[in-house]
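# An overview of the molecular structure
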Protein chains: 2
Amino acid sequence: MDAKDFDHWVDTSLSAFEAALDGLVPASAPAGLGEAMRYAVLGGGKRLRPLLVLASCAAVGGDRFAAMRAACAVELIHAYSLVHDDMPCMDNDVMRRGKPTTHVAFGEAQAMLAGDAMQALAFDVLTPDDGIAPALQARLCALLARSSGYDGMAGGQAIDLASIGKQLDECTLRDMHRRKTGVLLQASVVMGAACGPASAQATQALSEYGAALGLAFQVVDDILDVTQESHVLGKTAGKDQDANKPTYVSVLGLGAARTLAQDLRAQAKRALAATGLADVSHLSLLADSVVERVN
Amino acid sequence: MDAKDFDHWVDTSLSAFEAALDGLVPASAPAGLGEAMRYAVLGGGKRLRPLLVLASCAAVGGDRFAAMRAACAVELIHAYSLVHDDMPCMDNDVMRRGKPTTHVAFGEAQAMLAGDAMQALAFDVLTPDDGIAPALQARLCALLARSSGYDGMAGGQAIDLASIGKQLDECTLRDMHRRKTGVLLQASVVMGAACGPASAQATQALSEYGAALGLAFQVVDDILDVTQESHVLGKTAGKDQDANKPTYVSVLGLGAARTLAQDLRAQAKRALAATGLADVSHLSLLADSVVERVN
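Residues numbered from 1 in each chain as written. Chains lettered and ligands numbered in written order. Predicted model: local features only at pLDDT ≥ 70, side-chain atom pairs only at ≥ 80, totals over all residues. Heavy atoms only, no water.

Residue position: Ala109(A) is located in helix α6 (residues 108–125). In sequence terms Ala109(A) and Met87(A) are 22 residues apart; their C-alpha atoms lie 10.0 Å from each other. When sequence neighbours within four positions are dropped, the list of residues in contact with Ala109(A) reads Cys89(B), Met90(B) and Leu161(B). (Helix = DSSP H or I, 4+ residues; strand = E, 2+ residues; numbered from the N terminus. Contact = heavy atoms within 4.5 Å.)

Shown next, in the form of structure tokens:
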């Protein structure tokens, strides 16, 4: 697969994804809640998690309807976490994806409610009355709940909160990021694989791919935070530095952080090779696209 | 069944419930998150929702393990909603169940994260690796997600937020409360019924019982808000009045609100009679216990 084919696959997948998500997030929710939810999740973003779900499902030849629902569910979880994370009591961020954050646009109370409702909606879209086998619905709910809860994303944010102004060693930093962003990225890959008849070996290798990619993503994010301007990032640059938050750059230095990102990409690709699957090209090129943001 | 038997059933059920919940909410969650979650959900409360799940499951002769998980899940959703609802950007309440609210005890950021993690945990406990048939796991997740999301609890809170200082007619007030508290109480009853081999007729009648009881609960809550002192309620009394929030008492007057509560109890009991189930005594006495708080 060449770069042009990959770009075409990304475009086609994202069009279908945006249409599916648009149909699932209700404009009709009462008292402006639907408007706030739609503002928070339909406003763009890289959509890396949905692409991982869809690419992983394609690699195992899985059920595309189920994978599309899983892609929407994962993105709803990611988007709700951004809404809550941006609020004044957390990061107090006023700009996201080049526009005012949800609490700036709708008020804090509505933003908190919208985040809460988005989390519930994620599990709602995984459990339709028909179209997905009940056992797969249950499996997808389990994967999403565990990766976003106390032992995953929410736990990572608690560590993040407690780490402000502290020196962390690389091991603790890695554990924080694994939970905060890595576990949900990994879950995206595993949820995609769950939509098909993947062998235990393939599922395990895909999970390792997801873990390496998840960590690479965070390392790259930390590099971009110090090397790019706010208008390019679409959010406030230098934020972590200003907040005195430990990052891969502050712990390892810029050069070693760049090397780590490359090593993780290589690790992700070795895991893909170990899946035994015929075509993992989308997943491979997604790993490239994550790391090449800093090159 | 006499009152003593019912009290014994409540005591036994609550002991088992508290033990189950205690085992499911992790003290080990990172960076104080587990402590905040445990503070928010293990601190007592009436446990009406868990009792409804367990009583409904018992009435249909359902799976007790599944019902206990469902009871924990529903209570986790209820408890997370209280944590978020008490925060400064919402009701700004400092006292709940006779102790400081979660954000007062742990800070706003940790309280928001604890609420988020409690919601995820609710779906986590419904999807164990074994012990509950996958189709039942999926059904319980669907019921919980829909009753707590934009069309249920979160939607009701958005209406509540938008209604402060406004005059509402009884119909709009009823819709707000149906979503805000009624739908989750009703879902508790339906989730309990889903754990057993309930007929469509029994499930429908139990759902109607839940709807009437849910509304009665809110009417009673509004009556107590104006007739009881803070130290009896364990939370700030007169709060709705002070916040200029519409209540059943402000819309109907105290006498008519009391009559409505009695009418709803009678309606709940008629629905129970229509279930065709042999023993609905626990559910019947739970309806009494809800309404008799104001007599």
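Past the structure itself, the notes keep going.
Here we take up the environment of Ser250(A). All names here are of chain A. Summarising the element assignment, Ser250 is placed in helix α13 (residues 248–252). Using a relative accessible area of 52% as the deciding quantity, one classes Ser250 as exposed. The sequence separation of Ser250 and His84 amounts to 166 residues, and the corresponding C-alpha distance is 25 Å. There is a polar contact of 2.8 Å between the side chain of Ser250 and the backbone nitrogen of Thr247. (Buried < 20%, exposed > 50% of the residue type's maximum accessible area, 1.4 Å probe, protein only. Polar contact = N/O pair within 3.5 Å; in protein donor to acceptor, adjacent residues only side chain to side chain.)

In total, this model carries 30 salt bridges over all chains according to the counting rule given. Across the salt bridge formed by Arg47(A) and Glu75(A), the nearest N and O atoms sit 2.9 Å from each other. Placement of Arg47(A) in the loop between α2 (33–41) and α3 (48–60) and of Glu75(A) in helix α4 (residues 64–85) is noted, with a sequence separation of 28 residues between them. With a shortest N-O distance of 2.6 Å, Asp22(B) and Arg38(B) are connected by a salt bridge. Taken together, the residues Asp22(B) in helix α1 (residues 3–24) and Arg38(B) in helix α2 (residues 33–41) connect sequence positions 16 residues apart. One continuous salt-bridge network, built from bridges that share partners, spans Asp151(A), Asp175(A), Arg178(A) and Arg179(A). (Salt bridge = Lys/Arg side-chain N within 4 Å of Asp/Glu carboxyl O.)

Let's shift gears to the interface of chain B and chain A. Contacts between chain B and chain A engage 45 residues on the former and 45 residues on the latter. Across the chain B to chain A interface the summed buried area is about 3700 Å²; carbon plus sulfur atoms make up 72%. Our count for the chain B to chain A interface comes out at 4 salt bridges. Residue Arg146(A) pairs with Asp124(B) through a salt bridge whose shortest N-O separation is 2.9 Å. In this structure, the connection of chain B to chain A is made through 12 residue pairs in polar contact (both at pLDDT 80 or more). Of all the elements in the fold, those that place two or more residues in the side of chain B that touches chain A are α2, α4 (64–86), α6 (108–125), α7 (134–148) and α8 (153–163) of chain B. In the side of chain B that touches chain A, the residues fall into 30 nonpolar, 9 polar and 6 charged. (Buried area = accessible area lost by both parts, 1.4 Å probe. Nonpolar A, V, L, I, M, F, W, Y, C, P; charged D, E, K, R; others polar.)

Another aspect to go through is the nonpolar core. Residues Leu33(A), Leu144(A), Tyr209(A), Leu33(B), Leu144(B) and Tyr209(B) are the most contacted members of the largest nonpolar core, which totals 195 residues. With near-sequence residues (within four places) excluded, Tyr209(A) lies in contact with Leu52(A), Val189(A), Ala268(A), Ala271(A), Leu272(A), Leu283(A), Leu286(A) and Ala287(A). (Core = buried A, V, L, I, M, F, W, Y, C linked by side-chain atoms within 4.5 Å.)

Our focus in this paragraph is the packing of aromatic side chains. Enumeration over the complete set of coordinates arrives at 5 aromatic pairs over all chains. For the pair Phe123(A) and Phe123(B), a centre-to-centre distance of 4.0 Å together with 0° between the ring planes defines the contact as stacked. Taken together, the residues Phe123(A) in helix α6 and Phe123(B) in helix α6 connect one chain to another. Look at Tyr39(B) and Phe106(B): their rings are 5.2 Å apart centre to centre, the planes differ by 70°, and that puts the pair in the edge-to-face class. Placement of the pair is Tyr39(B) in helix α2 and Phe106(B) in helix α5 (residues 102–106), with a sequence separation of 67 residues. Accessibility expressed as a relative area gives 21% for Tyr39(B), which makes it partly exposed. Given the relative accessible area of 26%, Phe106(B) is considered partly exposed. Above the face of the Phe217(B) ring, Arg49(B) is positioned so that its terminal group lies 5.7 Å from the ring centre. If you follow Lys99(B) out to its NZ or CZ, it ends over the ring of Tyr39(B), 3.9 Å from the centre. (Phe/Tyr/Trp six-rings, centres within 6.5 Å; stacked < 30°, edge-to-face > 60°. Lys NZ or Arg CZ within 6 Å of the ring centre and 35° of its normal.)

Right, let's talk about the relation of the copies chain B and chain A for a bit. Turning chain B through 180° and shifting it by 0.0 Å along the axis lays it on chain A, with an RMSD of 0.0 Å. The transformation relating the two chain copies, once decomposed into turn and shift, fits a two-fold axis. When C-alpha distances to the rotation axis are compared across chain B, the minimum falls at Ala138(B), with a value of 2.4 Å. The residues that chain B uses at the interface reappear at the interface of chain A in 100% of cases, marking a shared surface. (Least-squares fit on C-alpha atoms with pLDDT ≥ 70 in both.)

Bear in mind that shape data such as this cannot, by itself, settle questions of function.
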